[in-house]
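Single-letter residue listing:
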Amino acid sequence: MEKITDNIKQEIGKLVKDLNYHCYRYYVLDSPVISDEEYDKSYRHLKELEEKYHYVLPDSPTQRVGASPLDKFEKIKHTEPMLSLDNAFSHDEVREFDERVRRFLKSDRDVEYTVEPKYDGLAMELTYRNGILYKASTRGDGYEGEDVTVNIKTIKAVPLKIEEVGAPEEIDIRGEVYMDIKEFEALNKEREKEGEPVFANPRNAAAGSIRQLDSSITAKRKLHLACYGIGAARGVNFKSQWEFIAWLKKARFPVPAIVKLKKGIDEIIDVIREIEEKRKDFSFEADGAVIKVNDFELQRSLGFKTREPRWATAYKFPAHKATTKIKNIIFSVGRTGTITPVADLETVRIGGVNVSSSSLHNWDEIARKDIRIGDTVVVERAGDVIPHVVNVINKEKRGKGVELPKPPKKCPVCGSAVEREEGEVAYRCIGLNCPAQVQERIRHYASRAAMDIEGLGEKNVELLYSQGLVKHFVDIYKLKKEDLLELPRFAEKSAQNLIDAIEKSKRTSLARFLYSLGIIHVGEYAAKLLARNFEHIEGLYHMKSERITEIKQMGEKIAESISRFFNDPENLHTLKTLRAMGVEITNPDFESRKTGKRLFEGLTFVITGTLPQPRQEVEELIEKAGGHASGAVSKKTDYLVMGEEAGSKFQKARSLGVRIISYEELLKMIEDGS
Ligand code: IVH
């Protein structure tokens, strides 16, 4: 290695700066000022220097090519949770949002709002430390996401360094990663040619590309970013969304294609109309418009509901629609044997996506809509919702003798009898060993919200089942790497990955585990309710349904199904086998109740002045204990936590008779309560 001089350092520094600028001109502004050849030449020169002197700056464009594949994604906790948005489905509902805002603020004056398109992609958080991109994470469950830093760096529009505005100590910038519709189509075409499964829509394609353990694949996928939000920040302060967006632009971040600031809801609705009008010309898929209260102080006063801010709403565009023909009606058999009629459609483009099938849900629905094979129908696709048939449009042109389709008498997969339970709309295959049901149960067991075994999707389950390796989800734990290596879809690495994923999944929570079992009617929510009420799974063994209905919100039908499941000796045997194979179940949901962490349930706290710990962390402590941390003092405030140099909030709290406590007192309350 040659010794580096200051001159070379300077040269490298300048090359990095220039190349990053040109990257910005090309990928963010879409207006390059040099040719591709000139760019490539400088890039090669930089790379040579970096290799010769082993000197690579953190924001060097050479860091964008991807790194060696990861085994798994690490988890990253978001300093401030990444929440979702409330929806408005009509202009009137947007007005109602404005009314709620003003009622809450007790203001009859017009509020200033910003409005932007709602990008249908994947929410990301980019953390910059001292101006350098440090970490990037997916939204995950809102509290914890996955570390996709190397993948995000491959997106050319993502600044590796904050330029032009000074470097804040730390800032979390939020935005949407998305794929352009054209790029999505090209990618699908290529995948079809290669015999790989195609993505259902641009959002899935973007998500699939970001959640790649091999970042060199992400690098090929031409992803984009639109930044629209801020999380935690130190060393920089913004007064409003508008000011923040202006800062983002100056700092060379890509921002939404349209961002407007307006006073009063009427003007906002005009912009929504404008965005709706332009939507068809966007290169990306927008599923709505996001309206935000502009002033950050007002945002803080408005605060949050459980999962959504009160200061923003998403107006959802009406669904995309198209007409097409039903070629055939086929039957799909689900996990519990339910037979669902599915319309096989003449492929049609709806809102930039090809649609060739649509669930018809059940036979009552078919009769209600009077749907028959050969009919021309209106099909609708709303955002992430799976396409569905809205209505038939040319009944009079039907050929004679075309009848309403009937449910099959025998299961189309295993030939067992088909039955309809009293009071249910669904027909079910009663064959317990029906391959369609068995495979669906295995797939469900391994799915993301259940045991989360990455690599056990539909295709692999089908393969493992057909090879006789996995006939029940218990068999998953008997799989050996050698067995996998014999199969066409597996190589050394993918086989090892699956074995590792299976091993990792063995430690799980009771809520997930209960959901995985596929007990009829027990979805994620019911599973959580059970986990909150039963510390151990054994507590459910031989359970009577009356005891389960004692749980608030647990209906009779669910309770009966749960009771039936836990009174069946075969199921209890399965549970014991799973335990014996190393499945370990913990129950954080139950423990958190027992230790009384919901100490502050229903109480509102406001913090003022400087505390010994960052304010966000203190707010988190309050929220973890079930309390609500608000930015402004009002009659509803229960406690004011007072730090040093407390200001007007202290005066206001005193005048309203709000209880005032110190930081130490707050900690003591939490300690004593837990
Ligand atoms: S602001 C507190 N602005 O929509 C949440 N979100 O349904 C503030 N999204 O998770 C989000 N475009 O992934 C915001 N211009 C935009 C957006 C946007 C797309 C997504 C985002 C969020 C989801 C909520």
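It should be noted that the structure appears before, not after, this text.
These lines cover the structure that appears in this document, whether it is placed above or below. From a predicted model like this one, the values you see are computed outputs, not experimental measurements. (Residues numbered from 1 in each chain as written. Predicted model: local features only at pLDDT ≥ 70, side-chain atom pairs only at ≥ 80, totals over all residues. Heavy atoms only, no water.)

Right, let's talk about the environment of Asn587 for a bit. Along the chain, the position of Asn587 falls in the loop between strand E20 (584-586) and helix H21 (588-594). By relative accessible area, which is 5% here, Asn587 ends up buried. When the C-alpha atoms of Asn587 and Ala531 are compared, they prove to be 6.9 Å apart, with 56 residues separating the residues in sequence. For Asn587, the contacting residues outside a window of four places in its chain are Leu510, Ala531, Phe534 and Glu535. Among the polar contacts made by the side chain of Asn587, one reaches the main-chain carbonyl oxygen of Glu535 at a distance of 3.1 Å. (Helix = DSSP H or I, 4+ residues; strand = E, 2+ residues; numbered from the N terminus. Buried < 20%, exposed > 50% of the residue type's maximum accessible area, 1.4 Å probe, protein only. Contact = heavy atoms within 4.5 Å. Polar contact = N/O pair within 3.5 Å; in protein donor to acceptor, adjacent residues only side chain to side chain.)

The subject of this paragraph is the pattern of salt bridges. All chains considered together, the criterion is met by 41 salt bridges. Glu297 serves as the salt-bridge partner of Arg300, at 3.4 Å between the closest nitrogen and oxygen. On the criterion of helical spacing, the pair formed by Arg300 and Glu297 is a turn pair, its members being three residues apart in helix H10 (residues 296-302). For Arg300, a relative accessible area of 42% translates into the label partly exposed. Since its relative accessible area comes to 41%, Glu297 is described here as partly exposed. (Salt bridge = Lys/Arg side-chain N within 4 Å of Asp/Glu carboxyl O.)

Here we take up the sheet that holds strand E2 (residues 87-88). Across the sheet, which stays open at both edges, the five strands sit in the order E2-E11-E10-E3-E9 with mixed pairing between neighbours. Across the chains shown, the open sheet's two edge strands, defined by having one partner strand only, are E2 and strand E9 (260-263). Two elements, strand E10 (residues 286-293) and strand E11 (residues 312-316), share five bridges in a ladder whose sense is antiparallel. The residue bridging Ile291 from the neighbouring strand is Thr313, located in E11. Contacting strand E3 (112-119), E9, E10 and E11, helix H9 (residues 265-278) runs over the sheet at an angle of about 20° to E3. (Pairing = 2+ DSSP bridges. Axes fitted to C-alpha atoms, helices over the stretch in contact; angles between N-to-C directions.)

This part is about the pairing of strand E12 (residues 320-333). One face of the sheet, then the other: side chains in a regular strand alternate in exactly this way. Where E12 and strand E15 (residues 376-381) come together, six bridges link them in antiparallel fashion. By the bridge assignment for E15, Thr324 is matched with Val377. For E12 and strand E13 (residues 338-350), the ladder comprises seven bridges, and the chain directions are antiparallel. Each residue of the ladder has a partner; that of Ile330, found in E13, is Val342.

What follows covers the site of the ligand. Residues in contact with the ligand amount to 13 residues; listed here are only the nearest, Glu116, Tyr119, Glu176, Tyr228 and Lys292. At a separation of 2.6 Å, a nitrogen atom of the ligand approaches a polar side-chain atom of Glu116. One of the side-chain nitrogen or oxygen atoms of Lys118 is found 3.4 Å away from an oxygen atom of the ligand. Summarising the interface, the protein chains cover 87% of the accessible area of the ligand, which totals 520 Å² for the free molecule. Every element with two or more residues in the shell around the ligand is listed here: E3 and E10. Sorting elements by how many residues they give to the shell around the ligand places E3 first, with four residues. Classifying every residue of the shell around the ligand by side-chain character gives eight nonpolar, one polar and four charged. (Near = heavy atom within 4 Å. Areas by Shrake-Rupley, 256 points an atom, 1.4 Å probe, with all protein chains shown as cover. Nonpolar A, V, L, I, M, F, W, Y, C, P; charged D, E, K, R; others polar.)

Here we take up the pairing of E11. Within E11, five of the five residues are buried, which leaves it mostly tucked inside the rest of the structure. Covered by surrounding structure in E11 are Ala312, Ala314 and Lys316 together with Thr313 and Tyr315, the residues of both alternating faces. Sheet analysis places E2 next to E11, joined by two bridges and oriented parallel. Bridging from a neighbouring strand, Ala88 pairs with Tyr315 of E11.

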